[in-house]
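A closer look at the structure
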Amino acid sequence: MDDSNLDHWWFCVKHQRPEHGNPCGTSDRLGPFPDEATAARAPEIARARTAAADAYDEE
């Protein structure tokens, strides 16, 4: 594991909450994010990015 991951916030999709570091492993997380508040918005951010990519693909 890259030790720099411990400095970031992630969103755990398994537990549906922001987590600092890497407690749940890499396959169950979104991120990295600079802070807890941004990590908490990860599902919203992911939906917006997916919608933007879908719109781009339709062009």
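Our structure is the block above this text.
Residues numbered from 1 in each chain as written. Predicted model: local features only at pLDDT ≥ 70, side-chain atom pairs only at ≥ 80, totals over all residues. Heavy atoms only, no water.

Strand order in the open sheet formed by three strands is E2-E1-E3, and the pairing between neighbours is antiparallel. A single partner strand is all that each edge strand has here, and the edge strands are strand E2 (17-20) and strand E3 (29-33). Adjacent strand axes in the sheet meet at a mean angle of 30° when their direction is disregarded. As paired elements, strand E1 (residues 9-12) and E3 share three bridges and run antiparallel to each other. Bridge assignment links phenylalanine 11 to a residue of E3, and that residue is leucine 30. (Pairing = 2+ DSSP bridges. Helix = DSSP H or I, 4+ residues; strand = E, 2+ residues; numbered from the N terminus. Axes fitted to C-alpha atoms, helices over the stretch in contact; angles between N-to-C directions.)

This part is about the nonpolar core. Residues Trp9, Phe11, Phe33, Ala39, Ala42 and Ile45 constitute the largest nonpolar core, which totals six residues. Counting residues per element, the ones that place at least two in this core are E1 and helix H2 (42-58). If we skip the residues at most four places from it in the chain, alanine 39 touches Trp9, Trp10, Phe11, Pro18 and Phe33. (Core = buried A, V, L, I, M, F, W, Y, C linked by side-chain atoms within 4.5 Å. Buried < 20%, exposed > 50% of the residue type's maximum accessible area, 1.4 Å probe, protein only. Contact = heavy atoms within 4.5 Å.)

This next bit is on unusual backbone geometry. Residue proline 32 is bonded to the preceding glycine 31 through a cis peptide linkage, with omega at 15°. Even without a glycine there, the phi angle at glutamine 16 is positive, about 55°. Residue classification places glutamine 16 among the exposed residues on the basis of a relative accessible area of 53%.

Applying the stated rule across the entire model yields two salt bridges. Between arginine 17 and glutamate 19 there is a salt bridge; the shortest N-O distance is 3.4 Å. Owing to a relative accessible area of 43%, arginine 17 belongs among the partly exposed residues under this scheme. A residue is classified by how much of its surface remains accessible, and glutamate 19, at 8% relative accessible area, is buried. In this structure, arginine 41 engages glutamate 44 in a salt bridge whose closest nitrogen and oxygen atoms are separated by 3.8 Å. (Salt bridge = Lys/Arg side-chain N within 4 Å of Asp/Glu carboxyl O.)

A few words on a negative patch on the surface. A grouping of Asp54, Asp57, Glu58 and Glu59 is seen on the molecular surface, where their side chains present a negatively charged patch. The residue aspartate 57 is located in helix H2 in this model. Of the residues examined, aspartate 57 reaches a relative accessible area of 59% and is grouped as exposed. (Patch = residues over 30% accessible without salt bridge, like charges linked within 9 Å, V, L, I, M, F, W, Y side chains within 5 Å. Areas by Shrake-Rupley, 256 points an atom, 1.4 Å probe, with all protein chains shown as cover. Lys, Arg positive; Asp, Glu negative; His and termini not counted. Charge placed at Lys NZ, Arg CZ, Asp CG, Glu CD.)

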